[in-house]
Amino acid sequence: MSPDLRTWLGHVELANPVMTAAGCAGAGREIAQFFDISRLGAVITKSVMLQPRAGGPAPRMTETPSGVLSAVGLQGPGIDVFLQRDLPWLLSRGGRAVVSIAGASPEEYADLASRLSAAPGVTMIEVNLSSPNPADHGRHFVDDPSAAARVVAAVRGRARSDIPVFAKLSADVADLVGLATTCVEAGADGLSMINTVRGMAIDTSSMVPALAAGVGGVSGPAIRPVAVACVYDVHAALPQVPLIGMGGVRTGVDVLEFLLAGAAAVAVGTVIFHDPSACARVVREFEEVLEQRGVRRVGDLIGAAHRRSGAAVRD
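Residues numbered from 1 in each chain as written. Predicted model: local features only at pLDDT ≥ 70, side-chain atom pairs only at ≥ 80, totals over all residues. Heavy atoms only, no water.

1. Side note on the packing of helix α2 (residues 79-92) against helix α3 (residues 106-117)
Moving on, step 1. Where α2 contacts α3, the axes come no closer than 11 Å and their chain directions differ by 20°. Taken as axis vectors, α2 and α3 run roughly parallel relative to one another. Relative to α3, α2 is oriented so that their crossing is right-handed. Listed contacts from α3 to I79, D80, F82 and L83 of α2 are L112, R115 and L116.
Moving on, step 2. Residue classes in the contact of α2 with α3 are distributed as 5 nonpolar, no polar and 2 charged. (Axes fitted to C-alpha atoms, helices over the stretch in contact; angles between N-to-C directions. Helix = DSSP H or I, 4+ residues; strand = E, 2+ residues; numbered from the N terminus. Parallel < 35°, antiparallel > 145°, perpendicular 65-115°, else oblique. Left-handed = near helix turned anticlockwise from the far one by under 90°. Contact = heavy atoms within 4.5 Å. Nonpolar A, V, L, I, M, F, W, Y, C, P; charged D, E, K, R; others polar.)

2. Section: the pattern of salt bridges
Moving on, step 1. This structure, assessed with the given rule, holds 14 salt bridges.
Moving on, step 2. The partner of D86 in a salt bridge is R29, and the shortest N-O contact between them spans 3.8 Å. Separated by 57 residues along the polypeptide, D86 in helix α2 and R29 in helix α1 (residues 29-32) bring together distant segments of the chain.
Moving on, step 3. The buried category is assigned to D86, whose relative accessible area is 11%.
Moving on, step 4. A salt bridge links E285 to R281; the shortest N-O distance between them is 3.1 Å. Of the two residues, E285 and R281 are both situated in helix α8 (residues 278-293); the distance of 4 residues between them amounts to about one turn of the helix.
Moving on, step 5. Residue class for E285 comes out partly exposed when judged on its relative accessible area of 23%. (Salt bridge = Lys/Arg side-chain N within 4 Å of Asp/Glu carboxyl O. Buried < 20%, exposed > 50% of the residue type's maximum accessible area, 1.4 Å probe, protein only.)

3. A few points about the packing of aromatic side chains
Moving on, step 1. Counted according to the given criterion, the structure contains 1 aromatic pair.
Moving on, step 2. The interplanar angle of 85° and the centroid separation of 5.6 Å between the aromatic rings of Y109 and F141 together place this pair among those described as edge-to-face. With a gap of 32 residues between them, Y109 in helix α3 and F141 in the loop between β8 (122-128) and α4 (145-158) connect regions that are remote in the sequence.
Moving on, step 3. Judged by relative accessible area, which is 2%, F141 ranks as buried. (Phe/Tyr/Trp six-rings, centres within 6.5 Å; stacked < 30°, edge-to-face > 60°.)

4. Section: the sheet that holds strand β5 (residues 61-64)
Moving on, step 1. Taken together, 4 strands build an open sheet; the order of strands is β5-β6-β14-β11 and the sheet is antiparallel. Of all strands in the sheet, those bounded by a partner on one side alone are β5 and β11 (197-200). Going across the sheet, the axis of each strand differs from the next one's by a mean of 40°, ignoring polarity. (Pairing = 2+ DSSP bridges.)

5. As for the state of the cysteines
Moving on, step 1. Here the structure, examined in full by the defined rule, presents 0 disulfides.
Moving on, step 2. Unpaired in terms of disulfides, C24 finds its nearest cysteine sulfur in C279, a separation of 9.0 Å.
Moving on, step 3. A disulfide-free cysteine, C183 has its sulfur positioned 14 Å from the sulfur of C230, the nearest such atom. (Disulfide = S-S within 2.5 Å.)

6. What about unusual backbone geometry?
Moving on, step 1. Going from A58 to P59, the amide bond is cis rather than trans, its omega being -5°.
Moving on, step 2. On the secondary structure map, P59 appears in the loop between β4 (42-44) and β5.
Moving on, step 3. The linkage connecting M193 with the following residue, I194, adopts the cis geometry, with an omega of 10°.
Moving on, step 4. One non-glycine residue, S66, adopts positive backbone phi at about 60°.
Moving on, step 5. The residue S66 is located in the loop between β5 and β6 (67-70) in this model.

7. What about helix α7 (residues 252-261)?
An α-helix turns once every 3.6 residues. As a result, residues three or four positions apart point the same way.
Moving on, step 1. Among the 10 residues in α7, 7 count as buried, and that is most of the element.
Moving on, step 2. Those residues of α7 that sit buried are G252, D254, V255, L256, F258, L259 and A261.
Moving on, step 3. Packing partners of the buried residues in α7 comprise β3 (18-20), α6 (224-237), β15 (243-246), β16 (265-268) and α8.
Moving on, step 4. Where α7 terminates, the next one or two residues include G262, which has phi positive at roughly 135°.

8. Concerning the sheet that holds β8
Moving on, step 1. Spatially, 8 strands are ordered β3-β4-β7-β8-β9-β10-β15-β16 in a closed barrel, and the strand pairing comes out parallel. Neighbour-to-neighbour, the strand axes of the sheet open up by a mean angle of 25°, direction not taken into account.
Moving on, step 2. Bridge count for β15 against β16 is 3 bridges, and the pairing is parallel. If you follow M246 over to β16, its bridge partner there is A267.

9. Details of a nonpolar patch on the surface
Moving on, step 1. On the surface, M200, I202 and V215 cluster together into a nonpolar patch covering about 260 Å² of accessible area.
Moving on, step 2. For V215, a relative accessible area of 31% puts it in the partly exposed group. (Patch = residues over 30% accessible without salt bridge, like charges linked within 9 Å, V, L, I, M, F, W, Y side chains within 5 Å. Areas by Shrake-Rupley, 256 points an atom, 1.4 Å probe, with all protein chains shown as cover.)

10. A look at the nonpolar core
Moving on, step 1. Residues I125, L129, L169, C183, L191 and M193 are the most contacted members of the largest nonpolar core, which totals 108 residues.
Moving on, step 2. Tallying contributions element by element places α8 first for this core, with 8 residues.
Moving on, step 3. In contact with L169, other than residues within four places in its own chain, are L129, V142, L176, L179, A180, C183, L191, S192, M193, I194 and N195. (Core = buried A, V, L, I, M, F, W, Y, C linked by side-chain atoms within 4.5 Å.)

11. Comments concerning α2
Moving on, step 1. Along its 14 residues, α2 runs 18 Å from first to last C-alpha, staying within 8% of the 20 Å computed at 1.5 Å per residue.
Moving on, step 2. Roughly 30° is the biggest bend found in α2, and it falls at D86, with proline P88 one to four residues downstream.
Moving on, step 3. Among the residues making up α2, those that are buried are I79, F82, L83, D86, L87, W89 and L90.
Moving on, step 4. A positive backbone phi angle near 80° is found at G94, which sits one or two residues after α2. (Expected span 1.5 Å × (residues − 1). Bend = angle between axes of the 7 residues up to and from the residue.)

Right, here's the structure in full:
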């Protein structure tokens, strides 16, 4: 008998725990030519803002050892185009939509949540807290737990009650568990982690930063151990809170590792840039991993690394 790949994020059931990470596959259109996106647990869209945004200056992406450094700057067409074009397209292909949102104030985030709640087919909202806060000299909301809490509370207050709200956290904070706890207390139904890790590359030929913005975010396999540790720590502190793990996922074994740490679902990101069919491959590999280990249900794996006996993951 094939293993049961279903997983739950709060009351939301997903066919399997594999999703796309925000910013790596748009709203699914870019990868749909390579496989059937309805086979994924969900598509986490690129972060949507109220107004169209050109993004940061070029160059805004460069390769790094075992990863990518980027500073795209939340480029996108805005919520109107997303609701008129991207969301209907994704739903027409049978995809489940987890919509990432970003804003310059709690009010902007709340307006986005309200607009999405009025649209059919939104499965979840992911709150990208790594957006600059103009009221705090451009610091990211995630850098200040009280600012992050205000954003989460604003979104939860305007989002439809049946749409779970997940706060996306960064490892670049002093107290991740404290931040996670604050976001949950503010109304987050779950947490996504981690966003990119702050980094920089300098072109040694031109002797200037490789990115026009100077500093960017590192993603890819280089940050996977950091992400696994973050998921492990937060699950230990908040075992009842559903987590989406992300950061350097390339294989089915990587999915298994995040689930053992405490994630209920996993997002695939940077690998999509050179392997557009990666998500479908990862689903297949993950199913094979479970069959090889005699695991019948995904639910048996979640947080199993926190338990002393490895027998807990078997039937």
